[in-house]
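# Notes for the structure review
Listed below, chain by chain, are the residues.
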Amino acid sequence: AIGEWVNTHMAYISGSSRGTDGAVDSILQASGVCRDFAHVVVALLRALGTPARLVSVYAPGLQPMDFHAVAEAWVDDAWHIVDATRLAPRESMIRIATGRDAADTAFLTTRGGRMTFNRQVVTAQLVEGELPPEDPGALVRPGVAGPEAALRRVEEAAEQEAARARKAEADERPVPSPGLAAG
C-alpha cells in the first residue's frame, strides 16, 4: 500500500532533487529520483511501525540498465523489496549495499577536498530468457534474485515439465476393463 501511494503521488523526474533532500522535501515537491522514492517509502513505513531500510541495487530491467535505490520492509518475518518507482522488475535486482538511508548505501562518498571521478563501467549480461515480469502486488524477497532465482525457476520449470510428461503418459495407457481381468 505504501509503495502504491508513493508511486501515485510522486513523479519520477531525473535531476529534480538534491543529494541532501530528505523524505519530507520529496513529499512536498511530489517528485524525485529513485533515492527520493526509497526515502519516502522508508519514512512512511517506519512512521507506521514497520521496520524498513534502504537498498542500493543494480537493476538490469532499468532502461538504460543502471544502479537503483529501493526500500525493504520487514513483513511476515522477512525483508521484502519495495520499489515505488516501478521502473524495473524486483526479482532481477542485484543487491549492492543495505543501510538506514542513502548515506549508508552511497556508491561513492567524499569527505572534503577535491575529487575527480573519471569513469565507472558496469557490465551485466542476461544469459538466457527474459527478465521476469513485475507484479507490483507480489512480495519479493531479496536474496532470491539473480542466479539463485534463475536456477530455481529452471528447476521448477523442469519439475513442471516432468509432471506434465508423467500425466500425458498416464493418460495414454489403456485402462483395463473390470470384467476382462485375467485369472
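This text gives an overview of the structure that appears in the document.

About the criteria used
Residues numbered from 1 in each chain as written. Predicted model: local features only at pLDDT ≥ 70, side-chain atom pairs only at ≥ 80, totals over all residues. Heavy atoms only, no water. Helix = DSSP H or I, 4+ residues; strand = E, 2+ residues; numbered from the N terminus. Buried < 20%, exposed > 50% of the residue type's maximum accessible area, 1.4 Å probe, protein only. Areas by Shrake-Rupley, 256 points an atom, 1.4 Å probe, with all protein chains shown as cover. Patch = residues over 30% accessible without salt bridge, like charges linked within 9 Å, V, L, I, M, F, W, Y side chains within 5 Å. Salt bridge = Lys/Arg side-chain N within 4 Å of Asp/Glu carboxyl O. Expected span 1.5 Å × (residues − 1). Pairing = 2+ DSSP bridges. Phe/Tyr/Trp six-rings, centres within 6.5 Å; stacked < 30°, edge-to-face > 60°. Lys NZ or Arg CZ within 6 Å of the ring centre and 35° of its normal. Polar contact = N/O pair within 3.5 Å; in protein donor to acceptor, adjacent residues only side chain to side chain. Contact = heavy atoms within 4.5 Å. Core = buried A, V, L, I, M, F, W, Y, C linked by side-chain atoms within 4.5 Å.

## As for the overall build of the protein
Counting its secondary structure elements, the protein contains 4 helices and 6 strands. Starting at the N terminus and walking to the C terminus, you meet the elements of the protein as α-β-α-β-α-β-β-β-β-α. The burial tally for the protein puts 31% of its 183 residues in the buried class. Working note: accessible area of the protein is about 12100 Å², and carbon and sulfur atoms make up 54% of it.

## Some words on a nonpolar patch on the surface
There is a patch of nonpolar side chains on the surface, built from Ile-96, Phe-107, Leu-108, Met-115 and Phe-117 and spanning about 490 Å² of accessible area. Along the polypeptide, Phe-107 turns up in the loop between strand S6 (94–99) and helix H4 (147–172).

## Observations regarding helix H3 (residues 34–47)
Its 14 residues give H3 an end-to-end C-alpha distance of 20 Å, which sits within 8% of 20 Å, the value for a rise of 1.5 Å per residue. Across the 14 residues that make up H3, a large majority, 10, are buried. All of the buried residues along H3 are Cys-34, Arg-35, Asp-36, Phe-37, Ala-38, His-39, Val-40, Val-41, Val-42 and Leu-45. Once H3 ends, the next one or two residues include Gly-49, with phi positive near 90°.

## Notes on the pairing of strand S3 (residues 52–59)
The buried fraction of S3 is high, at 7 of 8 residues. For S3 and strand S4 (residues 66–75), the ladder comprises 8 bridges, and the chain directions are antiparallel. Residue Tyr-58 lies in a different strand from S4, and its bridge partner there is Phe-67. Linkage of S3 to S4, two consecutive antiparallel strands, is achieved through a turn of 6 residues. Two elements, S3 and S6, share 5 bridges in a ladder whose sense is antiparallel.

## A look at the packing of aromatic side chains
Overall, the coordinates contain 3 aromatic pairs when judged by the stated rule. Between the aromatic rings of Tyr-58 and Phe-67, the centroid separation amounts to 5.5 Å while the plane-to-plane angle is 75°, which identifies the pairing as edge-to-face. Overall, Tyr-58 belongs to the buried group, its relative accessible area being 9%. Take Phe-67: its relative accessible area is 21%, and that puts it in the partly exposed class. A ring pair is formed by Trp-74 and Trp-79, whose centres lie 5.3 Å apart and whose planes are at 70°; its orientation type is edge-to-face. Trp-74 sits in the partly exposed class, given a relative accessible area of 36%. Over the ring of Trp-79 we find Arg-53; its NZ or CZ atom is 3.8 Å from the centre of that ring.

## Let's talk about the side chain of Thr-85
Here Thr-85 shows up in the loop between strand S5 (78–82) and S6. Among the polar contacts made by the side chain of Thr-85, one reaches the side chain of Asp-83 at a distance of 2.7 Å. Excluding its chain neighbours within four sequence positions, the residues that come into contact with Thr-85 are Asn-7, Tyr-12, Cys-34, Phe-37 and His-68.

## Some words on the side chain of His-80
Tracing the sequence through the fold places His-80 in strand S5. For His-80, the side chain forms a polar contact with the main-chain oxygen of Val-75, separated by 3.1 Å.

## Digging into the nonpolar core
Core analysis: the largest hydrophobic core is formed by 14 residues, its most contacted members being Val-6, Val-41 and Leu-45. A total of 5 residues in this core trace back to one element, the largest contributor, which is H3. Residue contacts for Leu-45: discarding those within four places in its chain leaves Ile-2, Thr-50, Ala-52 and Ala-73. Judged by nonpolar contacts, the second largest core, of 9 residues, contains Val-57, Ala-88, Met-93 and Val-140.

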